[in-house]
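Chain residues, written in single-letter form:
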Amino acid sequence: MILEKLAEEIKSFEKDKQEAVYSYQKDGKYLVIAGPGTGKTFTISKRIEAILSDDEKGTSADRILCLTFSDAAAKEMRKKLEENKIPNYSSINIYTFHSFCLDLMEKNPELFDISSKKLITNFQKQAIVKECLEQMHVKYNRKDSSLYSKIDKIVETIEAFKHYRIEEADFYKNLEENLEWKIKTDKEIETIKEAWAIYQKYKELSSNFIDFDDMIDMVLKKFDEKPEFLEETARQFDFIMAD
């Protein structure tokens, strides 16, 4: 049973927050869609507290994985758990998505060869894009004051390609079938194609570097290639939550 004091506290929550906290007692799946400052992190912290206080479940703190999108969110989650005096909260696995993936790669060196790769900086990204433009003989005015803002936009586009894990077949399929892309002018379509070509050159010139999106992509690809690796990772946790 959940500790009586905690159960009484949860009774004062709004109905949807109560459902989010107690959903672990059923199939465990629950999606919360809410804006900033609505109590999502607080609700997750109470869900964790309820899980760890449930004697029937007997879940240990190190069997819980909590993923966040930023370091700030991860720190906020740890702070909430500490404030609520969650038992053994320091044993709970709290990561950003990319740090969790990096941890998996470091623990499985036989699957990921990242020993020679360095974490890329934004300045290095810009320098590589500039090198791409020069090697590909893309015309641009070297004295143009807006050159670096254009390079920034190319970096943002490359990051979007990576973030959404767009492969070549998906890219060209979008050019042909995506209604949002179809309404673009021919000039814009050529610009998109050029951005894709720059992205291919960028991957070649940045092969010794790794960024946060690479970490996530490499792990997801390995999960697809080796289902046993995915299963082994999943078996380490009884509950997985994302904030």
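Before reading further, recall that the structure is shown in the block above.
Thresholds applied
Residues numbered from 1 in each chain as written. Predicted model: local features only at pLDDT ≥ 70, side-chain atom pairs only at ≥ 80, totals over all residues. Heavy atoms only, no water. Helix = DSSP H or I, 4+ residues; strand = E, 2+ residues; numbered from the N terminus. Expected span 1.5 Å × (residues − 1). Buried < 20%, exposed > 50% of the residue type's maximum accessible area, 1.4 Å probe, protein only. Polar contact = N/O pair within 3.5 Å; in protein donor to acceptor, adjacent residues only side chain to side chain. Phe/Tyr/Trp six-rings, centres within 6.5 Å; stacked < 30°, edge-to-face > 60°. Pairing = 2+ DSSP bridges. Axes fitted to C-alpha atoms, helices over the stretch in contact; angles between N-to-C directions. Contact = heavy atoms within 4.5 Å. Lys, Arg positive; Asp, Glu negative; His and termini not counted. Salt bridge = Lys/Arg side-chain N within 4 Å of Asp/Glu carboxyl O. Right-handed = clockwise from strand over helix to strand, strands pointing away. Parallel < 35°, antiparallel > 145°, perpendicular 65-115°, else oblique.

S.K.: I'm lost on helix α11 (residues 212–225) in this one. Help?
M.R.: Side chains of residues three or four places apart in an α-helix project in the same direction, reflecting 3.6 residues per turn. Spanning 14 residues, α11 covers 20 Å between terminal C-alpha atoms, matching the ideal 20 Å at 1.5 Å per step. Taken together, the buried positions of α11 are occupied by Asp213, Asp214, Met215, Asp217, Val219, Lys222 and Phe223. Backbone nitrogen of Asp213 and a side-chain oxygen of the N-cap are separated by 3.2 Å at the start of α11; the cap is Asp211.

S.K.: Explanation requested: the packing of aromatic side chains in the structure shown.
M.R.: Two numbers describe a pair of aromatic rings. These are the distance of the centres and the angle of the planes. Throughout the structure, instances matching the rule amount to 13 aromatic pairs. Aromatic pair Phe171 and Trp196: ring centres 4.4 Å apart, planes at 10 degrees, arrangement stacked. A residue pair is termed long-range when its members are at least 10 positions apart, and Phe171 in helix α8 (residues 168–177) and Trp196 in helix α10 (residues 186–205) qualify at 25 residues. The pair Phe171 / Trp196 is uniform in exposure class, with both members buried. Arranged with centres 5.2 Å apart and planes meeting at 40 degrees, the rings of Phe223 and Phe229 form a pair that is tilted. For Phe223, a relative accessible area of 15% gives the class buried. When its relative accessible area of 3% is taken as the criterion, Phe229 is described as buried.

S.K.: I'm lost on the sheet that holds strand β1 (residues 64–68) in this one. Help?
M.R.: By definition, the strands of a sheet pair up through backbone hydrogen bonds, in either a parallel or an antiparallel sense. In space, the three strands of this open sheet follow the order β2-β1-β5, with parallel pairing throughout. Each of the sheet's edge strands pairs with one partner strand only, and the pair in question is β2 (93–96) and β5 (239–242). Going across the sheet, the axis of each strand differs from the next one's by a mean of 20 degrees, ignoring polarity. Summarising the sheet, β1 and β5 pair through four bridges and their orientation is parallel. When the sheet's bridge partners are listed, Leu67 is paired in β5 with Ala242. The sheet strands contacting helix α4 (residues 71–83) are β1 and β2, and the helix crosses β2 at an angle near 160 degrees. Running over the sheet, helix α5 (residues 97–107) touches β1, β2 and β5 and is turned about 110 degrees from β2.

S.K.: Teacher, can you tell me more about the side chain of Asp213 here?
M.R.: By the secondary structure assignment, Asp213 is in helix α11. Of the side chains bearing the opposite charge, Lys125 lies closest to the buried Asp213, which forms no salt bridge; the N-O distance is 6.4 Å.

S.K.: When you look at the pattern of salt bridges in this model, what are you seeing that I'm missing?
M.R.: Charged atoms that come close allow side chains of opposite charge to pair. If you walk through the whole model with that rule in mind, you get 15 salt bridges. Glu9 serves as the salt-bridge partner of Lys46, at 3.0 Å between the closest nitrogen and oxygen. Residue Lys46 is found in helix α3 (residues 40–53), and its partner Glu9 is found in helix α1 (residues 4–11); the two are separated by 37 residues along the sequence. A relative accessible area of 30% places Glu9 in the partly exposed class. The partner of Lys107 in a salt bridge is Asp103, and the shortest N-O contact between them spans 3.0 Å. On the criterion of helical spacing, the pair formed by Lys107 and Asp103 is a turn pair, its members being four residues apart in helix α5. One continuous salt-bridge network, built from bridges that share partners, spans Arg165, Glu167, Asp217 and Lys221.

S.K.: I tried to follow the pairing of β1 on my own but got confused; where do I start?
M.R.: For β1, a buried count of five out of five residues is recorded, marking the element as mostly surrounded by other parts of the structure. Where burial is concerned, the two faces of β1 agree: the one with Ile64, Cys66 and Thr68 and the one with Leu65 and Leu67 are both buried. Sheet topology note: the β1/β2 ladder contains four bridges and is parallel. Each bridged residue has a counterpart across the sheet, and for Cys66 the counterpart in β2 is Ile94. In this fold, β1 hands off to α4, which returns the chain to β2; that crossover is right-handed.

S.K.: How should I be thinking about the packing of α11 against helix α12 (residues 227–234) in this particular structure?
M.R.: Angle between the axes and distance between the axes are the two parameters that describe a pair of packed helices. Their axes nearest at 5 Å, the elements α11 and α12 cross at an angle of 110 degrees. Considered as vectors, α11 and α12 are oriented roughly perpendicular to each other. Packed against α11, whose contacting residues are Lys222, Phe223, Asp224 and Glu225, the element α12 presents Pro227, Phe229, Leu230 and Thr233 at the interface.

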